[in-house]
Amino acid sequence: MIEILIACAQVLLLVVLAPLVSGVGRWLRAKMHTRKGPPILQDYYDIAKLFKRQDLHTKESSFVHRLMPPLFLGTMLVLALGMPMLTRLSPLPFLADVILIIYLLALPRFFFSLSAIDSGSSYAGVGGIRELMIGVLVEPSMMLALFIAALSTGSTNVGVMGEAIGSLSVAHPITMVIVGAAFALACYVELGKLPYDLAEAEQEIQEGPLAEYSGPSLAMVKMAMSMKQILVVSWFMAIFLPFGSAVELTAVALVVGLVVYLLKLALVFFVCSVFENAVSRVRFKFLGRQTWAVFGIAVFGFVFWVLGI
């Protein structure tokens, strides 16, 4: 029973944190650029305003265009149920398998791109194709890194993998450091930040799939995109930075786990923001070179695992 309560609490925490993390990121970016920037709570205002507006769709679109926003948001909520956030182990272990998580993350990406093409807008369609290409370039590196981590820990469950690393009982520590670095780089690309993407590029191809959305649908998509960023970072922390998470399901341990989780989340996003504002944007045709480098690091980790290091 307590595991179900923890899972529901994680969903509520994700819903509350998503606009805040996005708003703080925009505010911090503005300060680094010596601009005033929007208020930290601006995303809450925007989402509330969008839910009050009319939900419009193009006449060329089908049910796919209407299905994507609730599907995207629902998938993120399901991932939050099983992702270890406050605790070392997953509250719902059957939702914490890395293979299942990869497929659940790929599902909204597919419908996100499909809905862009379904809208009938060529601008949105190009953006949808671009989203699929990013997935093709990034996901192999993530899968290989997780495969090596699973071999080293003896499980594909995120909680069990984090428990093995957190207890320092991994047989190949150097391998885990290398694959952890590869997975961190792949997660950074997945976050949609510079130099690979521009998070506020509403008028560019990256945000093209959202061009034909409005009202509650647009609010759900924006909410889901912010939630996805938190979940990707939580995924990395649950496996490679599980230190401080609650090992026991007691009130004190859960409170400490919550505080540590928020601190780690803030630190990771702060580091990402600093790096994002210290680099220039990479042309999309050069993105493959970057992702191949990440894949090479993961392969290097596999070589170390074979050598037993």
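This report concerns the structure included in the present document. (Residues numbered from 1 in each chain as written. Predicted model: local features only at pLDDT ≥ 70, side-chain atom pairs only at ≥ 80, totals over all residues. Heavy atoms only, no water.)

So, on to the overall build of the protein chain. Scanning the protein chain from terminus to terminus reveals 10 helices and zero strands. Counted from the first residue to the last, the protein chain has its helices and strands arranged as α-α-α-α-α-α-α-α-α-α. The globule rule puts the C-alpha radius of gyration for 309 residues at 19 Å, and the 19 Å found for the protein chain is close to it. Burial analysis of the protein chain (309 residues in total) assigns 52% to the buried set. Taking contacts inside the protein chain between residues at least 6 apart in sequence as the whole, the part at least 24 apart equals 79%. Carbon and sulfur atoms form 73% of the exposed surface of the protein chain, whose accessible area is close to 14200 Å². Charge-centre separation for the protein chain: the mean point of 21 positive side chains lies 8 Å from the mean point of 19 negative side chains. (Helix = DSSP H or I, 4+ residues; strand = E, 2+ residues; numbered from the N terminus. Rg over C-alpha atoms; globule rule 2.2 N^0.38 Å. Buried < 20%, exposed > 50% of the residue type's maximum accessible area, 1.4 Å probe, protein only. Contact = heavy atoms within 4.5 Å. Areas by Shrake-Rupley, 256 points an atom, 1.4 Å probe, with all protein chains shown as cover. Lys, Arg positive; Asp, Glu negative; His and termini not counted. Charge placed at Lys NZ, Arg CZ, Asp CG, Glu CD.)

Below, the discussion takes up helix α8 (residues 215-240). With 26 residues, α8 extends 38 Å from end C-alpha to end C-alpha; this agrees with the ideal 38 Å at 1.5 Å per step. Where burial is concerned, most of α8 is hidden: 24 out of the 26 residues are buried. (Expected span 1.5 Å × (residues − 1).)

Take empty space enclosed by the protein next. Following the criterion strictly, the structure yields three cavities of 30 Å³ or more and no others. The space that makes up the largest cavity amounts to roughly 90 Å³. Broken down by secondary-structure element, the contributors of at least two residues to the lining of the largest cavity are α4 (98-118) and α5 (122-153). Considering only residue class, the lining of the largest cavity consists of five nonpolar, no polar and three charged. (1 Å grid on protein atoms, 1.4 Å probe; cavity = no way out; pocket = protein on both sides within 12 Å on 5 of 7 lines; lining within 4 Å. Points joined across faces, edges and corners; volume = space filled by probe spheres on them. Nonpolar A, V, L, I, M, F, W, Y, C, P; charged D, E, K, R; others polar.)

Applying the stated criterion to the full structure yields 10 aromatic pairs. Ring geometry for F183 against F236: centres 6.4 Å apart, planes inclined by 25°, an arrangement best described as stacked. Placement of F183 in helix α7 (residues 173-190) and of F236 in helix α8 is noted, with a sequence separation of 53 residues between them. Here F183 matches F236 in class, with each residue buried. (Phe/Tyr/Trp six-rings, centres within 6.5 Å; stacked < 30°, edge-to-face > 60°.)

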